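Each chain is listed here by its residues.
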Amino acid sequence: MIERIRRLGRWGCSALESLGDAGIFLAQSMFGIPSVEGIRLWLRQVHFVGVLSLAIVLVSGLFIGMVLALQGYTILVDFGAEDALGQMVALSLLRELAPVVAALLFAGRAGSALTAEIGLMKATEQLTSMEMIGVDPLRRIVAPRLWAGFVALPLLTIGFGVVGVWGGQLVGVQWLGVFEGSYWGNMQASVDFIGDVGNGLLKSLVFALVVTWIAVYQGYALVPTSEGISRATTRTVVYASLAVLGLDFLLTAVMFGGLS
Amino acid sequence: MTDSPFVEVEGLHYARGETAIFRGIDMVIPRGQVTAIMGPSGTGKTTLLKLVGGQLAPDAGRVRIDGEDVHRLSRKSLFGLRRRMGMLFQSGALFSDLNVYENVAFPLRVHTDLPESMIRDLVLLKLQAVGLRGARELSPAELSGGMARRVALARAIALDPELILYDEPFVGQDPISMGVLVQLIRRLNDALGLTAVVVSHDIKETLSIADYVYVIADGQVMAHGTPESLDVDQDARVRQFVHGEPDGPVPFHYPATDFHADLMDAGGRQ
């Protein structure tokens, strides 16, 4: 029994310690004066984590928008309220699905790649050799990736939302025959730019910070063996997904749950 | 000042978890010479280089490079000091997203404002010195182990460092690459006058180029002296190591229970 309590205590201490390490790591890598070279490296990472994630995010957005319209229609039509389809699709997407699903996809597609890339650099001593050349890997390797993630995910979320709304329109209006004017008109009347679009983007920004932070930290702090890399990559996806879903509940409670 | 040692290690203690790696190491690396640090595998030779380079912090004792205490420097000053050092890693540690040319140009690009034409000249000079000018377009994945290490050497000397640390430069090399590396290390030292520290357990090659040798074992300096003096050292452990005798005070077997009893143990345990 005592041994169990001791183990729990040890686990708690080490969890707190790594949280502290991760915090110092974030602070050390995020803040610095950007150079021309830094901007070039950042743009390259925006391409890797953002542009290359575009296809999976847009295709998912399209399908989710289409499914939403299909499900929504079958329920709404029973109440003769199918005119509210546009409103339903847009609000679910902008408030919830776009930020959350885009962040989950981003964690799986870009987060795991970031962890594996940085981890392999560590395992092959590239980070150490960079340090010995007198270049801080936090600035050169980690910072551009962190900032690229912060910028890319909100943009991907916008893309997800736009394509989703369009997908909803494809199914609702083109296929199921909802009146086009009411689809767009009800959407326009009910979606509040600050309250819905703004809050959705704010969520996405928070998710971007958390997912990218977890991904690069897991890569930087992993045990440099093949097993270590595989564990860290898995941890990135698991921790990032759980963090996104947990934070989503908190943010929703504050933004839309009347707690603010 | 020029006669003062370049690197001084004083009373260095370092433990990894419960295991003590170093228990009071003292070492003086003279300026402009090749100093070898030798010892059996697992004695922490690479760890010692990492302590000298400031990548690890000791539990006690200190390391001074050109008079500066490495572990008391701020992160910024430490990176400043490292620009005066080069290190050759066991694996080469080339940046996999850059080709050979860009790998060697990397330190020049980040630390100098030289025009592109001068960077090109310098990179070609360094690559010529290691015999790989013709391989400049190749990516690290296309290089053999020996070539990768030579490119890494060209990169390590790109900024003309004052101190260069070699981590097991001869491990896993074919005889030709080995000969080339041995010659290169000695020639670089003679031509550029840089201070070199070679960590290795390849006795013949290391003794042939070293001016001074430290042998470490059991976390302490076991012996030190010129290669000639070590060759005739009467200490049993030194003799066993220098002459590569399989049996002696340094046991071949990892500590274990009695072999016969272990075989007879039918409990089915591992």
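- Under an unreviewed UniProt entry, chain A has the name Intermembrane phospholipid transport system permease protein MlaE and belongs to Halomonas halmophila.
- Here chain A is described in UniProt, under the heading Subcellular location (unreviewed entry), as follows: "Cell inner membrane".
- Annotation of chain A in UniProt includes, under Sequence similarities (unreviewed entry), the sentence "Belongs to the MlaE permease family."

## Looking at the packing of aromatic side chains
Residue and element names in this part refer to chain B.
Then, number 1: As enumerated under the stated definition, the model contains six aromatic pairs over all chains in all.
Then, number 2: When the ring of F95 is compared with that of F106, the centres are 4.8 Å apart and the planes differ by 65 degrees; the resulting orientation is edge-to-face. Here F95 is found in the loop between β6 (85-88) and α3 (100-111), whereas its partner F106 is found in helix α3, with 11 residues between them in sequence. Judged on exposure class, the residue F95 and its partner F106 are both buried.
Then, number 3: We note R82 situated over the ring of F79; from NZ or CZ to the ring centre the distance is 5.1 Å.
Then, number 4: R155 extends its terminal NZ or CZ atom over the ring of F95, reaching a point 4.5 Å from the ring centre.

## Here we look at α3(B)
Then, number 1: Counting buried positions along α3(B) yields nine of 12 residues, so the element is predominantly enclosed.
Then, number 2: When α3(B) is considered as a whole, its buried residues turn out to be V100(B), Y101(B), N103(B), V104(B), A105(B), F106(B), P107(B), L108(B) and H111(B).
Then, number 3: Looking at the buried residues of α3(B), the elements they touch are α5 (126-133) and α6 (137-175) of chain A together with α4 (116-129) and α5 (145-156) of chain B.
Then, number 4: Near the N-terminus of α3(B), the side chain that reaches the backbone nitrogen of Y101(B), with its oxygen 3.3 Å away, is that of N99(B).

## Focus: the side chain of S60(A)
Then, number 1: Considering the arrangement of structural elements, one finds S60(A) in helix α3 (residues 54-76).
Then, number 2: If we ignore the near neighbours within four places in the chain, the residues touching S60(A) are L105(A) and F160(A).

## Here we look at the side chain of D136(A)
Then, number 1: Here D136(A) shows up in the loop between α5 and α6.
Then, number 2: Looking at D136(A), its side chain comes within polar contact range of the side chain of R75(B), at 2.7 Å.
Then, number 3: For D136(A), the contacting residues outside a window of four places in its chain are R75(B) and F79(B).

## Focus on the interface of chain A and chain B
Then, number 1: Taken residue by residue, the interface counts 17 residues in chain A and 22 residues in chain B.
Then, number 2: Together, the buried faces of chain A and chain B total about 1800 Å²; carbon and sulfur atoms form 58% of this surface.
Then, number 3: A per-residue breakdown of the area chain A buries against chain B is headed by E125(A), M132(A) and I133(A), which together make up 38% of the total.
Then, number 4: Inspection of the chain A/chain B interface yields three salt bridges.
Then, number 5: In this structure, E131(A) and R82(B) form a salt bridge, with 3.9 Å as the shortest nitrogen-oxygen distance.
Then, number 6: Applying the counting criterion to the chain A and chain B interface returns eight residue pairs in polar contact (both at pLDDT 80 or more).
Then, number 7: With seven residues, the top contributor of residues to the side of chain A that touches chain B is α5(A).
Then, number 8: Its residues assigned to classes, the side of chain A that touches chain B shows six nonpolar, six polar and five charged.

What counts as what
Residues numbered from 1 in each chain as written. Chains lettered and ligands numbered in written order. Predicted model: local features only at pLDDT ≥ 70, side-chain atom pairs only at ≥ 80, totals over all residues. Heavy atoms only, no water. UniProt positions renumbered as here; feature names shortened; annotations may be inferred. Phe/Tyr/Trp six-rings, centres within 6.5 Å; stacked < 30°, edge-to-face > 60°. Helix = DSSP H or I, 4+ residues; strand = E, 2+ residues; numbered from the N terminus. Buried < 20%, exposed > 50% of the residue type's maximum accessible area, 1.4 Å probe, protein only. Lys NZ or Arg CZ within 6 Å of the ring centre and 35° of its normal. Contact = heavy atoms within 4.5 Å. Polar contact = N/O pair within 3.5 Å; in protein donor to acceptor, adjacent residues only side chain to side chain. Buried area = accessible area lost by both parts, 1.4 Å probe. Salt bridge = Lys/Arg side-chain N within 4 Å of Asp/Glu carboxyl O. Nonpolar A, V, L, I, M, F, W, Y, C, P; charged D, E, K, R; others polar.

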